[in-house]
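So the chains spell out like this:
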Amino acid sequence: MRRGSGIAALLSLAALIAAGCGGGGSESGRATLNLWVFNEPSGSFTDAAKRCSAASGGRYKIVYNKLSNNADQQRQSLVRRLAAKDDSIDIMGMDVIWTAEFAEAKWIKAWPERFARQLRAGTLKGPLATATYQGRIYAAPANTNTQLLWYRKDLVKNPASTWDGLIAQASRLPKAGRIEIQGAQYEGVVVWFNSLVQSAGGTIVANNKVTPGPAWSKAAQVMHQLATSKAADPSLSVIKEDQARLAFEQGNAAFELNYPFIYPSAKEGNPKIFKEIGWKPYPGVEEGKPGKAPIGGINWGVGAYTKHPNEAFEAAACLRNEPNQREAAAAGGLPPTLAKIYDDPKFKKDYPFADLIRESVDKGAVRPPTPAYADVSLAIAKTVSPPSSIKVNGFVGDLSGKLNDALDSKGLI
């Protein structure tokens, strides 16, 4: 989940208006490729666009159009233009949950096999799955993300491996006995529920059909159990990634489930806490069965209406090549999707938890690949947040009804 602001939204709108509908032209025989993606603050996307333009030998020039840093606003901006068959969207940065929706709507092109072969080679399984719909590759995994269990080594020597154990462990601590996680009514709580369901061996939607089962009940029980325990943050119902980061960084919690951005943040914000940070795999729901961590990230998609498809595919493949992924990881904290980078000693020095990230991403919990994901996500968020109000009895039937309505495109109130 990325954080945005009203200012970012206004800048995004200004960029959209300035670009106008239709574009993707050429100058002196060189194709102009419009890249639309969030405003990456480190400059790694800007550098990648410049490097790939130079490496093209004059075939194309990439123009970086910066969208909002809020994922929902990014999607809204892109969907409006794609629905209008705007040919100025040559390449776009897509949240990993948009693949099925955009592919089904025919807003993005499937990758030709000559490029698809390159993408499959050396790409981690989890990210590749987020770029695939109905057996075809529709996007190039640019970067990935996952959550780890972060903990205070000065307070806990050996964190429990299950949610039940972790809640009990936190509740017994004399101080900082909290588990920080995202409980607000937004995508973050959906990510939590989905990971719990898959950790318990279930799915939410498969082949565009609702798949209820015991794993749903177990996931609901875990969420309700934490929310009503001493280990819950009193503000759990409004907590998002950044609030969880701050609570942990300020010393209020012994445990946190969050993305790796919390590590460099603590290094700068509270060096004393930073020295005590340890990390473990995402908790499981049953002893002996590893948990499945969330998978996030950005994929590069090629717009269906681009006037320069060959150049766009070539450029998108370049944008996610090894040098560009290395810079995005080093400068922007965006974990790579290429397996070989995780074996590099320098990368491991910058990312001391690199091996665990790689393992977590490779075996992580991909969210339901359905064209109706936006409605599916909304139905789940409204059912499980606030977590303290989850009605465990009857939960499966309640959520099943809402998800069936979502898949049938019925309105959600």
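All values derive from a computational prediction rather than experimental measurement.

Asker: Sorry, what's going on with the layout of surface pockets here?
Answerer: Summary: where empty space remains is shown by rolling a probe the size of a single water molecule over the atoms. A volume near 950 Å³ is recorded for the largest pocket. In this structure, the largest pocket is lined by 37 residues; those nearest its centre are Asn 145, Phe 261, Gly 332, Gly 333 and Leu 334. Among the elements that line the lining of the largest pocket, the one with the most residues is helix α11 (residues 262–269), at four residues. Partitioned by chemical class, the residues of the lining of the largest pocket number 18 nonpolar, nine polar and 10 charged.

Asker: Is there a simple way to explain the state of the cysteines in this structure?
Answerer: By definition, a disulfide links the sulfur atoms of two cysteine residues through a covalent bond. A complete count under the given rule lists one disulfide for this structure. Note on cysteine connectivity: Cys 52 is disulfide-linked to Cys 318, with sulfurs 2.1 Å apart. The S-S bond linking Cys 52 to Cys 318 shows a torsion near -95 degrees; that makes this disulfide left-handed. Residue Cys 52 is found in helix α2 (residues 44–55), and its partner Cys 318 is found in helix α13 (residues 309–319); the two are separated by 266 residues along the sequence. Under the relative-accessibility criterion, Cys 52 is labelled buried at 1%. Look at Cys 318 and you get buried, because its relative accessible area is 16%.

Asker: Would you mind going over empty space enclosed by the protein with me for this structure?
Answerer: Throughout the structure, instances matching the rule amount to one cavity of 30 Å³ or more. Roughly 70 Å³ of volume is contained in the largest cavity. Forming the walls of the largest cavity are Ser 44, Phe 45, Ala 48, Ala 142, Asn 143, Trp 300, Leu 319, Asn 324, Gln 325 and Ala 328. At the level of secondary structure, the elements contributing two or more residues to the lining of the largest cavity comprise α2, β7 (140–146) and α14 (322–332). Along the lines of polarity and charge, the residues of the lining of the largest cavity split into six nonpolar, four polar and no charged.

Asker: Got a minute to help me understand the sheet that holds strand β9 (residues 179–180) in this structure?
Answerer: Two modes of strand pairing occur in sheets, parallel and antiparallel, and in both the strands are linked by backbone hydrogen bonds. Ordered in space as β9-β12-β8-β13, the four strands form an open sheet in which the pairing is mixed. Edge strands, defined here as strands with exactly one partner in the open sheet, are β9 and β13 (277–280). Pairing of strand β8 (residues 148–152) with strand β12 (residues 255–258), which is carried by four bridges, proceeds in the antiparallel orientation. By the bridge assignment, Leu 149 is partnered in β12 with Leu 257.

About the thresholds
Residues numbered from 1 in each chain as written. Predicted model: local features only at pLDDT ≥ 70, side-chain atom pairs only at ≥ 80, totals over all residues. Heavy atoms only, no water. 1 Å grid on protein atoms, 1.4 Å probe; cavity = no way out; pocket = protein on both sides within 12 Å on 5 of 7 lines; lining within 4 Å. Points joined across faces, edges and corners; volume = space filled by probe spheres on them. Helix = DSSP H or I, 4+ residues; strand = E, 2+ residues; numbered from the N terminus. Nonpolar A, V, L, I, M, F, W, Y, C, P; charged D, E, K, R; others polar. Disulfide = S-S within 2.5 Å. Buried < 20%, exposed > 50% of the residue type's maximum accessible area, 1.4 Å probe, protein only. Pairing = 2+ DSSP bridges.

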